[in-house]
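# Examination of the molecular architecture
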Amino acid sequence: MGALSIRNVRKTFGHTEILKGIDIEVEAGEFLILVGPSGCGKSTLLSMIAGLDTPTAGSIHIGERDVTHLPSKDRDIAMVFQSYALYPNMNVAQNISFALEMRKVAKPQREEIVQRVAKMLQISHLLDRKPGQLSGGQRQRVAMGRALARDPKLFLFDEPLSNLDAKLRVEMRAEIKLLHQRTRTTTVYVTHDQVEAMTLGDRIAVMKDGVVQQFGTPDDIYSRPATRFVAEFIGSPAMNMIQGMRSGDGLSAQGVQLALSQEQRGGLNGSSEIVYGLRPEHLSFGAQGLPGTLTMLEPTGPETYALVHTPVGLLTARVPGKVNERVGDPVMLAWDASNAHLFDAKTDARLG
Ligand SMILES: Nc1ncnc2c1ncn2[C@@H]1O[C@H](COP(=O)(O)OP(=O)(O)O)[C@@H](O)[C@H]1O
Ligand SMILES: [Mg+2]
């Protein structure tokens, strides 16, 4: 039995089914990510894990215990939300120790916990300040401190970094990861940001329209996306998608013949309309290949994103360092066919 089991959970608001049967098993100590576009049902699912709402059907277990109908306060969980909801009139130390006080933890022990948590989050020097005297990042730490003080069975995060600026977001992301490596508390973390999902998750559930499209390790999800949606959602720049038809031993797309390996051909299962996906890092400029015109360059420093207009559409190549060609130049795009991801154009399911 895992640390958290979500079994066939459904949720209907009015006449609309928002969650359509979610099954997820989380192992003890695991960092689970729920990722998907806004409105796909992530917060709804998290609030049922937290006990702030009840599923229409299905069950939720924390450890051995069926908590489906258990009030939030009896679940031994701690939550950090996007809005930190700190008590404005309490200082940092009081904010961190408040939940302990409510649980009748003795004062000396409370003080010890506050000191330990503050040290872990490097906010020991801020304990006397009120939330209004803190920066966004410091408030974020206090909110995490409040959750950490509890030493819960389960940590729940709902987009905790989305109010921070880009640089701080990257720093806090690393801190959350380090913190988890230290405490190994089982964690469920909601985000719409695929980079956060990939960098933080032991495993990731990619959601769309109330359905888990794929549940796996970051490597599974990146290397073998189960659906066209997952393939396009995870990875930046996004995977290039070329619409093709079975033709001879390969595919035909806008008059261009795309080769398939024997293994790829074997995996087509009779599908005739195929989406042929290529990650930008698998495209390079070659002496031969698909002809196109360089349309735009986006240098990032260590690598450059090159947009190339081709007969099969606008393709993005991600090349190391700088690009010598200029906008308007004719170029040839080359790739190894075995790197292509194939999807059925009708069902969006991965082929092979
Ligand atoms: N209490 C509610 N009543 C009606 N609809 C809701 C309620 N809560 C969420 N929804 C709807 O459920 C869908 C999923 O919402 P949510 O779980 O917040 O998405 P996410 O967190 O993935 O952005 C949205 O369409 C939202 O409008
Ligand atoms: Mg949400």
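Each chain has its residues counted from 1, following the order in which its sequence is written. Key to labels: chains lettered from A, ligands numbered from 1, both in the order written. Note on the predicted model: pLDDT of at least 70 is required for a residue's local features to be given, and 80 or more for side-chain atom pairs to be given and counted; whole-chain, interface and lining totals, by contrast, use all residues. To obtain the side-chain values, all non-hydrogen atoms of the structure were used and water was disregarded.

## What to know about the packing of aromatic side chains
Where two aromatic rings form a pair, the distance of their centres and the angle of their planes describe that pair. Selection rule: Stacked, edge-to-face and tilted labels apply to pairs of Phe, Tyr and Trp rings (six-membered ring for Trp) whose centres lie within 6.5 Å, assigned for plane angles under 30 degrees, over 60, and everything in between, in that order. Secondary structure is summarised from DSSP: a helix means a run of H or I of at least four residues, a strand means a run of E of at least two, and numbering begins at the N terminus for each. With a 1.4 Å probe rolled over the protein chains alone, any residue whose accessible area is under 20% of its type maximum counts as buried; one over 50% counts as exposed, and the rest are partly exposed. Look at NZ for Lys and CZ for Arg. If either is within 6 Å of the ring centre and within 35 degrees of the ring normal, a charge sits over the ring.
The full count for this structure, using the stated rule, is six aromatic pairs. Plain terms: the ring middles of Y87 and F98 are 4.9 Å apart, the flat faces sit at 65° to each other, and that makes the pair edge-to-face. With Y87 in the loop between β6 (77-81) and α2 (92-102) and F98 in helix α2, this pair connects stretches of sequence that are eleven residues apart. Judged by its relative accessible area of 34%, Y87 falls in the partly exposed class. Given a relative accessible area of 24%, F98 falls into the partly exposed group. Taking the centre distance of 5.4 Å and the plane angle of 40° together, the rings of F157 and Y189 count as tilted. With F157 in strand β7 (residues 154-158) and Y189 in strand β8 (residues 186-191), this pair connects stretches of sequence that are 32 residues apart. You'll find F157 and Y189 in the same group, each marked buried. Chaining the aromatic ring pairs together yields one cluster made of F31, F155, F157 and Y189. A cation over a ring is seen here: R279 above Y222, with NZ or CZ 3.8 Å from the ring centre.

## Comments concerning the sheet that holds strand β15 (residues 284-299)
In a beta sheet, neighbouring strands are held together by backbone hydrogen bonds and run either parallel or antiparallel to one another. Applicable threshold: The criterion for strand pairing is that DSSP finds at least two bridges linking the strands in question. Angles shown run from 0 to 180 degrees and are taken between the N-to-C directions of axes, each axis being a line fitted to C-alpha atoms and, for helices, limited to the stretch in contact.
Reading across the sheet, the four strands line up as β17-β16-β15-β18 and stay open at both edges, with antiparallel pairing between neighbours. Strand pairing shows two members of the sheet lacking a second neighbour, β17 (313-320) and β18 (330-334), which therefore form its edges. Here the strands of the sheet are splayed against their neighbours by 50° on average, with no regard to which way each runs. As paired strands, β15 and strand β16 (residues 303-310) are joined by six bridges and run antiparallel to one another. Residue L297 lies in a different strand from β16, and its bridge partner there is A306.

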